[in-house]
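Per-entry structural report
Each chain is listed here by its residues.
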Amino acid sequence: MVDNELLWCSTRELAARIAAKDISAREALEAHLERIDEVNPVINAVVTRDDEAAFAQAEAADAATARGESLGALHGVPMTHKDTHDTAGMRTTWGSPLMAERVPETDSLIIARLRQAGITTTGKTNVPEFAAGSHTFNEVFGTTVNPYDPTKSASGSSGGVGAALAAGIQASGDGSDMGGSLRSPGSFNNVVGFRPSNGRIPHTPPANPYAWLSQSGFMARTVSDVALLMSVACGPEPSAPGSLPESGGVFDLPEFGLDAHDSPDLTGTRIGFSPDLAGLLPVEDEVADIVGAAAGVLSELGAGVDTVIPDLSDADEVFGVRRALDFVGNWGALYEAHPDRIKDSVVWNIRMGLGLTGAEVASAEAARARLHSEVDRFFSDHDALVLTTCQVLPFDAGIEYPTRINGVQLENYLDWMRSLCLISATGCPAVSVPAGFSASGLPVGVQIVARPGADVELLRIAHAFEAATAHHTRHPQL
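First, a word on what this report is: a plain description of the structure on this page. (Residues numbered from 1 in each chain as written. Predicted model: local features only at pLDDT ≥ 70, side-chain atom pairs only at ≥ 80, totals over all residues. Heavy atoms only, no water.)

**Concerning the sheet that holds strand β3 (residues 120–125)**
If you trace the three strands from one edge of the open sheet to the other, you get β1-β3-β2, paired in mixed fashion. Each of the sheet's edge strands pairs with one partner strand only, and the pair in question is β1 (46–49) and β2 (78–82). Ignoring which end each strand starts from, the neighbouring axes of this sheet average 40 degrees apart. The pairing of β1 with β3 spans three bridges and is classified as antiparallel. Across the sheet, the residue bridging to Arg49 is Gly123, located in β3. (Pairing = 2+ DSSP bridges. Helix = DSSP H or I, 4+ residues; strand = E, 2+ residues; numbered from the N terminus. Axes fitted to C-alpha atoms, helices over the stretch in contact; angles between N-to-C directions.)

**Topic: the nonpolar core**
Residues Leu114, Trp416 and Ile448 are the most contacted members of the largest nonpolar core, which totals 100 residues. A per-element tally of this core places helix α8 (residues 223–233) first, with eight residues. Residues Val39, Ala61, Val145 and Ala163 belong to the second largest nonpolar core, which totals 18 residues. (Core = buried A, V, L, I, M, F, W, Y, C linked by side-chain atoms within 4.5 Å. Buried < 20%, exposed > 50% of the residue type's maximum accessible area, 1.4 Å probe, protein only.)

**Observations concerning the pairing of β3**
With respect to burial, β3 is a largely interior element, six of its six residues being buried. Relative to β3, β2 runs parallel, the two being bridged by five bridges. Following the sheet pairing, His81 is matched in β3 by Lys124.

**Some details on the packing of helix α3 (residues 25–43) against helix α4 (residues 51–66)**
Following both chains from N to C, one finds α3 and α4 inclined at 155 degrees, their axes separated by 8 Å at the closest point. One way to sum up the angle between α3 and α4 is to call them roughly antiparallel. Where α3 abuts α4, its residues Ala25, Arg26, Leu29, Glu30 and Leu33 lie against Asp51, Ala54, Phe55, Ala58, Glu59, Ala61 and Asp62. Its residues assigned to classes, the contact of α3 with α4 comprises seven nonpolar, no polar and five charged. (Parallel < 35°, antiparallel > 145°, perpendicular 65-115°, else oblique. Contact = heavy atoms within 4.5 Å. Nonpolar A, V, L, I, M, F, W, Y, C, P; charged D, E, K, R; others polar.)

**Digging into α4**
Given a rise of 1.5 Å per residue, 16 residues ought to cover 22 Å, and the 22 Å separating the end C-alpha atoms of α4 matches this to within 8%. Those residues of α4 that sit buried are Ala54, Ala58, Ala61, Ala64 and Thr65. With its buried residues spanning 120 degrees around the axis, α4 presents them on a single face. Exposed residues lying more than 90 degrees from the buried face of α4 are Glu52 and Ala66. On its buried face, α4 sits against α2 (11–19), α3 and β3. One or two steps after α4, the chain reaches Gly68, where phi turns positive at roughly 75 degrees. (Expected span 1.5 Å × (residues − 1). Arc of directions from axis to C-beta.)

**A few points about the packing of aromatic side chains**
Under the counting rule described, the total for this entry stands at nine aromatic pairs. Ring centres 5.9 Å apart and planes at 75 degrees place the aromatic pair Phe188 and Phe395 in the edge-to-face group. Of this pair, Phe188 sits in helix α7 (residues 183–188) while Phe395 is found in the loop between β13 (384–388) and β14 (404–405), placing the two residues 207 residues apart along the sequence. A residue is classified by how much of its surface remains accessible, and Phe188, at 0% relative accessible area, is buried. Look at Trp348 and Tyr413: their rings are 5.7 Å apart centre to centre, the planes differ by 80 degrees, and that puts the pair in the edge-to-face class. Pair noted here: Trp348 is in helix α12 (residues 344–354) and Tyr413 is in the loop between β15 (408–409) and α14 (418–426), with a separation of 65 residues, a long-range link. (Phe/Tyr/Trp six-rings, centres within 6.5 Å; stacked < 30°, edge-to-face > 60°.)

Any link to function would need more than the numbers given here.
Listed below in structure tokens is the structure:
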């Protein structure tokens, strides 16, 4: 059995203990792998492992420590990675039978920067096929389930990461978010899921460097650890025309450190609050009640909370068209070559993109311009928008997605996560923070949104809410 204290260390704490020689990188790795052995047969979060290479990395990390070398911020910390981020020499499948044996030669930028900071790469975590949909299952590896109730979904597409964090395998990890794929599993697994502003973690070739709808980012058991990983992964990149100029150092602030404040204060912060966006979203009653209680917490922290929200009526068109076009760009060639070997929901999105007219694309671009103006108007006198993360509680892992909410019939596999997709369309940074639990013990998250570029300010608000509620300290009994 893994030492319980080590099991629930934050990434900051673990890195500090390794640097101080309180424990070795090898010992941290052994605990990490032992925990995978203990819980992964139940949750199926980790789908690829390379223990031999991981031990070689850990031994090299310990040798560097012994020599007194300068250590990276994540020196010796073991970590699995989302199976959509390329890892040199380790297969990256996107959960697709067509890519089941694919082994990339280079790392994705986010992985390269994590390695530069000193992490020990141990394996990959499960995703839906082509990361489509917020329920993690595929024909290659099967279904990832929720550590709080293994009959329920861990969400997705970063569901494997979320389940691994909740189960004590690791304290933080990388993911990505197009329509909520960091925030939704954050909510379902009682962890933090952060979608940053476009350009914080740049898009680089061979992917589309001008992409904006999907963002790489992080999940962690604490906001502090999200800030730590952002501090090492962010910063400009010459090959990425959309990268922001600030270094990751903007996230390296005392309030996110080991001695985090225990008296959070949001005095002067202005927040627009509506769990269902003034009736725009169907939300399960228990979810609405839990998220609704967040308004009182924020007010007690000193924030000014009102019910003013932006008009997001253009967001559906913007998200739908941009997602469809991105699916064509990413997977259109595979669809043309293997139309019968791709799951139906992905095919639906590709065909939608192929069928778009020039007029429809132009209309979506005009809608995006209006949406930008509306977001700018709202944030001229507000610091944050707060709403529900997921419109439903974690659902039965045996279904692909919910089809009804409060008696409202949903049209497609994206509608149950519309609370996330609408925010993605705005280009705003957004974070899901644990907000409480249902009567049956299932996690619920609250979604906090800030203006584009205000990532640090957003994490400060999330950190204050986390400190005031401490929902993140409740772990599952696996």
